[in-house]
Every structure is written in structure tokens, then in C-alpha cells.
Amino acid sequence: MSRFLGRRLGTAILVLFGVSLVTFTLARVIPSNPAALYIGPRARAEEIARVTEELGLNRPLPLQYLDYMGDMLTGDWGTSIGTKRPVLSEILDRLPATLELLITAMVIAVVFGTLLGVLSAQWRGRPPDLVVRLIAIAGVSMPAFWLGLLLQVLFFRQLDLLPLSGRLDTDIRFISPITDVTGFFTIDAFVTGNWVAFGDAAAHLVLPAVTLAAYPIGLIARMTRASMLEALGQDYVRSARAYGIGERTVVYRLALRNALPPTLTVLGLTLAYSLTGAFFVEIVFNWPGLGQFAVDALLNVDYPAVMGIALLGAAGYVLINLAVDIAQAWLDPRVRLA
Amino acid sequence: MIGANVEAVAAPQELPSRDRGRVVRALLADPLSVVGLVLITLLVVAAALGPWIAPFPDQGAGQTNIGEALLPPGGEHLLGTDRLGRDMLSRIILGARPALLVSLLVVGLAVLIGAPLGAIAGYRGGRLDEAIMRLTDLFLAFPPLLLAMAIIAALGPGLERAALALAISWWPWYARITRGVAASLRERPFVDAARSIGVPERTIVRRHILPNAISPILVQATVDIGTVILAAGSLAFIGLGARPPAPDWGLMVSEGRTFILDQWWYSGFPGLAIFLSVLGFNLVGDTLRDIFDPRQVRR
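Owing to the predicted nature of the structure, the values given are computational and were not obtained by experimental measurement. (Residues numbered from 1 in each chain as written. Chains lettered and ligands numbered in written order. Predicted model: local features only at pLDDT ≥ 70, side-chain atom pairs only at ≥ 80, totals over all residues. Heavy atoms only, no water.)

A. Structural view of the overall build of chain A. When helices and strands are counted, chain A shows 15 helices and 0 strands. When its C-alpha atoms are laid out on the principal axes, chain A stretches across 85 × 55 × 35 Å. In chain A, 70% of the contacts between residues at least 6 apart in sequence involve partners at least 24 apart. Summed over its atoms, the accessible surface of chain A is roughly 16,200 Å², and 65% of this surface lies on carbon and sulfur atoms. On chain A, the mean spot of the 26 positive side-chain charges and the mean spot of the 25 negative ones are 12 Å from each other. (Helix = DSSP H or I, 4+ residues; strand = E, 2+ residues; numbered from the N terminus. Contact = heavy atoms within 4.5 Å. Areas by Shrake-Rupley, 256 points an atom, 1.4 Å probe, with all protein chains shown as cover. Lys, Arg positive; Asp, Glu negative; His and termini not counted. Charge placed at Lys NZ, Arg CZ, Asp CG, Glu CD.)

Following this line, the structure appears as C-alpha cells:
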């Protein structure tokens, strides 16, 4: 196991290194005048000269890269053109909101996706299977931003059940403010026993989380269906049935356990997809997370911010995949011995 | 000369016609892929004949008609009108062509870059293989769309640049698929035979390796055409794709957002157009994948 860990960790570091090369190329090599991009529109000549000096843009590229790496590693990710604040702190301030949304969506997706996949496999070829397949494929075909708008019309405008947007009603701040513990509003409100705020935060979380979960539900349901079908065809399942073990035990205890590792693999992919998916959901629901910041940065050509987000996204992706691989090796000895 | 002859004998059979028949029959046997085929047909018809079948082709192309702004669906305007009084149905029909063309362009470019690189990597093996595959790892280390967004930031927004950015972040998938096929063919007798009589490497890759990769590439491309429509729509929604007054679906959803609570059709129908187009390709792709490789589920 430790050899596997070492090898896998080595690859992850190499990939992260490569990723920094890509962002460096996009930030410094491709633009014809990176200094102007760093200042933003209406840059004056003396400003450009100053920034060129500051960023060392007149030095040889390999040296520039070393500087860039040093800056990234020491947490100096540049200053956002839009907000005039350090990019890294802008990102870290908004990360909890995005993570809360992302994690809630993942939990919803894993529960419902697995359930749908199992159902589909049990009813293979019959109408329920067809319906689940349609739901799964529809889930991965739906533009998240559009689904979000539809849910707003239905649950806010028509049914008046859930809030339209945002993370919290504005008056909560005065009635029953949340004490900051983790940055996750629902958890913070829960652990401090602040039920008014908890209810409000949870209600605000429902629509965006469901919107974001649609795509992963589809992916996970498809994967679970495929691996369940394989597991249900195995000899041990036939033997278990021959011994008269109940169908529920056979499906949920025996087959599902063996069908889970492949689902774990899609989970990594899914999380990565949802990271960018969250951008669009955040825009629709005015969710004050990274997505809003990212899109503003993109539209205003806030270069340092864009590159910071790209680097963070890639790093997050690499780490998630690392975690998935380790979990898989832990679950399945064949993986770590291969 | 000798090489050419042996090639003709040793070359693998292309997918025989009865296999093609099998694929068509399997597609028609699955109700879901039939729905998919219908949706794709609708999209292609709208893309090909848009200006002739749209009820108000001028409005579809952008001509405004302020007097009839934000009319609800029904009557003369089946799907209602937008804030500039343009017929939504016409706008949506005219949006089919750019959506399909951009997607075909992106997937085509991605195949053109990815397939040859993957074929060479798999056929040669060794250092070159290692180098090309690590390169794909790098590109795939970014969450989907994020790399495209970063590239657009470097290039500047616009439809063509968005398409280029998407293609640059998409090719590694095709490189990987083709590499897998190439690596499995490298030691097969017909490739060995071709190599031993001195057929140049380029010819082997072109004649023996690439043709065998066509089926898996086609399956992936079918799904990807839909996925790229979705990706391009998403980029347009946040303002990184097409510019007004282009009849772009993602852009229309974005324009309608301010009116969503009272004029739901403004964002609703263009979004539906994106959804149904993507759904069509995914439904067909799903069945194709079952036919070619029942075990492979990806993305």
C-alpha cells in the first residue's frame, strides 16, 4: 500500500507541476503584452513599464517560470484587477459557499444516482429501466443554467415554496446572525443551535443543490446500472439465490457492494465537472461563491483572477482524483498490486 | 510496389456491411435511440432549411419589431416574442445552424488533432508514447470547460475563439481512444507483416491503424457533438460566446433571464432547444456505446 501511495503521490505532483506550466503559458507566454493584461484596460505606458519590471516580464522565460512557481507556492497569486485585493484571499473567502453547494449536490447525486441505477438494473429491459435510462440521459443533457431558471419559476413563482436566490435572507443577519465556524452556513447554524438561520440557509440551498446534482445523478445512475448488471450476472449471486437468500439481501448487500468501486471512479470525474457546473448554478441563483467571481473575472478580463481560478480548479481536480485512487486501492487490493 | 500489394491482402476488413445493418437495426430497436434519431433529424432539418421554414426569417436573423415585445406564446407567435418583439420560434430555428456548425467544427478539430497523435503514440510506444500521453494528462487535469475559459481569457471572447478554445481542450479524449486501438493493433500479424516488408510507418498508421479506430471515435464524436452544443451554450450564457444580435440559444437564455419570472418563455424555449439537441445525441450515443462496448461508460 505504501509503495502504491508513493507512486500515486509522485504522479499527482508531476501533474500539478505540468498544470502550473500550462497556466504559466496562458498567463505569460501566449498574450503579446501580459503586463497590459495584468493592469487591465486603459493601461498607461509608464504603468506597463512598471508592471513589466515588477513581474520580471523582460527576463528569460525559464527564469520567469521559476519566479512564477515561487510566487504560487508562497501564496502570492497576484492582485485582482476587479477588486484590487489579493487573488488568493478573494478565492479563499468564496470557497466555503461553493464547497457547501458542491458537497450538498454530491450527496444528493450519490444517493439518488445509486438508487436509480440499482432500480434500473433490477428491472433491466422493462419499463422502469427505460424510464431511469431516460432520466439519467436527460440529466446529463440538461443545461444547468436552464434547469435552475425553470426550478425558480416553479418553486418560487408558481408554488411559492422556496426562496428565489441568494444564500440567506437579508434580515437573518439582524434577527439571528450566523456565527462563523466552518463557513458552511447550514453547518454553522446547526452546531450553534441557530434554528431560524439553519432553516433559512437550508431552504436557500435546496434549489441550487438540486440543479447542480442533475448531471451527476445521470452519470452515477448510468455507471451503477452498468456495474450492477455485471455484478448480478456473477456466480456468487446465482449461488446466493440458489441458497434462498432474500432478493433484497442479494441486491443491496452482495451485488451493490461489488458494484460500488466503479461508481467511485465516476465520482471523481463528477466532482470535477460539478466544479465548473457550479459556476453556472451560482450565476443563476446569485450564490456568492467562486462562480460569480470567476465569471466576473472572465468578462472583465481580470487576468490574475482567471489564472488563479484555473490553477485552483486543476489542483482540486488532481487532488480529488488522487483521493479516489487511494480509496479504490483501499477497497480493492487488485488496484494497489497492479 | 510490393508493399502496396501486400497491404491490400493484409489490410483489415472495414466494418462489413452486415455489421452496419446490425448497428442500424439495434438503433431502431431501442425506443430511446429512435427518439434520439428524431431529435437529431429535427435539428439537422432546422439547420439546413432554417431561413425557409422559419415563420419570420427576418426577425429570426435579428430584425426588431418593438411594438410586439414580450408577447406570450400563442397566436401568430407560437412561442411568443422576445424583448425586441422578435418571434421566438424563428430565432430558435435560425439558431440551429450556428449551434450545429460550431459543434461539428469543434469535434472535427479535436479528432484531427487527437486521432493522429494517439495513433502515433500507440503505434510507436516507448518515449514518444509516454510524452504524448503525459501531455493529454495535463490537458485532462483541468475540469471540463475551465481550461477553455482560461484560453478564452487569453484569446479574448467571441464565437470563433470559443470554438478554438473548446477544440484545444477536447482533443486529448480522441488521442486516448486512438492510442488504445493503436497499441492493441501494433503486434497483430497484419501490422507486423506490413512492417516487415518495409511499408513506411506513415502508411501503416494511415491505412491500418486509423481505419480501425473509426468506430470508437464515431461513438465518442456522437456524444461529443451534443456535449459541445451544451458547452458552447454555457459559454454563451455567461457572455463568452456569440454576441448579439446572433440567434444563439445560450445567449437567448441569458437575455431572457431578467424576465424569467413573468416571461418564462423567453429563456425557457431556447434552453429547451439546447436540451433537446443534446438529448438527441446522447440518446443515440448511449445505444451506440452499448453496441460497440457494453462495458465502457465514461463522462
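Next comes the rest of the account.
B. Just the overall build of chain B, in detail. Of the regular secondary structure elements, chain B holds 12 helices and 0 strands. In chain B, the succession of α and β elements from N to C terminus is α-α-α-α-α-α-α-α-α-α-α-α. For chain B, the residues scored as buried account for 53% of the 299 residues in total. Contacts in chain B between residues at least 24 apart in sequence constitute 71% of all its contacts with a sequence separation of at least 6. For chain B, the accessible surface area stands at approximately 13,000 Å², while carbon and sulfur atoms represent 64% of it. Between the mean site of the 26 positive side-chain charges and the mean site of the 23 negative ones, chain B shows a separation of 8 Å. (Buried < 20%, exposed > 50% of the residue type's maximum accessible area, 1.4 Å probe, protein only.)

C. Representation of helix 10 (residues 201–237) of chain B. Residues and elements named next belong to chain B. Taking 1.5 Å per residue as the helical rise, helix 10 with its 37 residues ought to reach 54 Å, whereas the 46 Å between its terminal C-alpha atoms falls clearly short. By the largest-angle criterion, Ile-214 marks the main kink of helix 10, which is about 40°, and a proline, Pro-216, follows within four residues. Remark: Gly-239 follows helix 10 within two positions and exhibits a positive phi of approximately 90°. (Expected span 1.5 Å × (residues − 1). Bend = angle between axes of the 7 residues up to and from the residue.)

D. Main features of the interface of chain A and chain B. Counting residues at the interface gives 53 residues for chain A, matched by 46 residues for chain B. When chain A packs against chain B, close to 4,600 Å² is buried across both sides, 77% of that on carbon and sulfur atoms. Sorting the residues of chain A by area buried against chain B places A:Phe145, A:Trp146 and A:Phe280 first, and these three jointly supply 13% of that buried surface. For the interface between chain A and chain B, the tally reads 4 salt bridges. Among the ionic pairs, B:Asp286 bridges to A:Arg133, the shortest N-O distance being 3.4 Å. Counting across the chain A and chain B interface gives 8 residue pairs in polar contact (both at pLDDT 80 or more). When contributions to the side of chain A that touches chain B are tallied by element, the ones reaching two or more residues are helix 1 (2–29), helix 6 (127–141), helix 7 (144–158), helix 10 (195–232), helix 12 (247–284), helix 13 (290–299) and helix 14 (303–331) of chain A. (Buried area = accessible area lost by both parts, 1.4 Å probe. Salt bridge = Lys/Arg side-chain N within 4 Å of Asp/Glu carboxyl O. Polar contact = N/O pair within 3.5 Å; in protein donor to acceptor, adjacent residues only side chain to side chain.)

E. Summary view of the environment of A:Gly218. Residue and element names in this part refer to chain A. Inspection of the secondary structure assignment puts Gly-218 in helix 10. Since its relative accessible area comes to 1%, Gly-218 is described here as buried. In the structure, Gly-218 is positioned 105 residues away from Gly-113 in sequence and 6.5 Å away in space, judged by C-alpha atoms. Setting aside residues up to four positions removed in sequence, Gly-218 forms contacts with Ala-136 and Val-140.

F. Region of interest: the nonpolar core. Counting 158 residues, the largest nonpolar core has B:Met149, B:Leu166 and B:Trp249 as the members making the most contacts within it. Excluding residues within four positions of it along the chain, B:Met149 makes contact with A:Phe279, A:Phe280, A:Leu298, B:Leu235, B:Ile238 and B:Leu240. Counting 13 residues, the second-largest nonpolar core is a separate cluster that includes A:Leu232, A:Val237, A:Ala240 and A:Val250. (Core = buried A, V, L, I, M, F, W, Y, C linked by side-chain atoms within 4.5 Å.)

G. Molecular detail of the packing of helix 5 (residues 87–122) of chain A against helix 10 of chain A. All names here are of chain A. Viewed as axis vectors pointing N to C, helix 5 and helix 10 meet at an angle of 35°, and their least axial separation amounts to 5 Å. Helix 5 and helix 10 meet at a crossing whose hand is right-handed. Each residue belonging to the contact of helix 5 with helix 10 can be placed in one class, and the counts come to 24 nonpolar, 6 polar and 2 charged. (Axes fitted to C-alpha atoms, helices over the stretch in contact; angles between N-to-C directions. Left-handed = near helix turned anticlockwise from the far one by under 90°. Nonpolar A, V, L, I, M, F, W, Y, C, P; charged D, E, K, R; others polar.)

H. Representation of the confidence of the model for chain A within the structure. With 98% of its residues at a pLDDT of 70 or more, chain A shows a mean pLDDT of 83. Averaged pLDDT values for the elements of chain A fall to 67 in helix 15 (residues 333–337) of chain A and rise to 91 in helix 5 of chain A. (pLDDT = per-residue confidence, 0-100.)

I. Broad picture of a nonpolar patch on the surface. All names here are of chain A. A cluster of nonpolar residues, Leu-99, Ile-103, Val-107, Val-111 and Phe-112, forms a patch on the protein surface that exposes about 420 Å² of accessible area. In this structure, Ile-103 sits in helix 5. Looking at Ile-103, the relative accessible area reads 43%, which means it is partly exposed. (Patch = residues over 30% accessible without salt bridge, like charges linked within 9 Å, V, L, I, M, F, W, Y side chains within 5 Å.)

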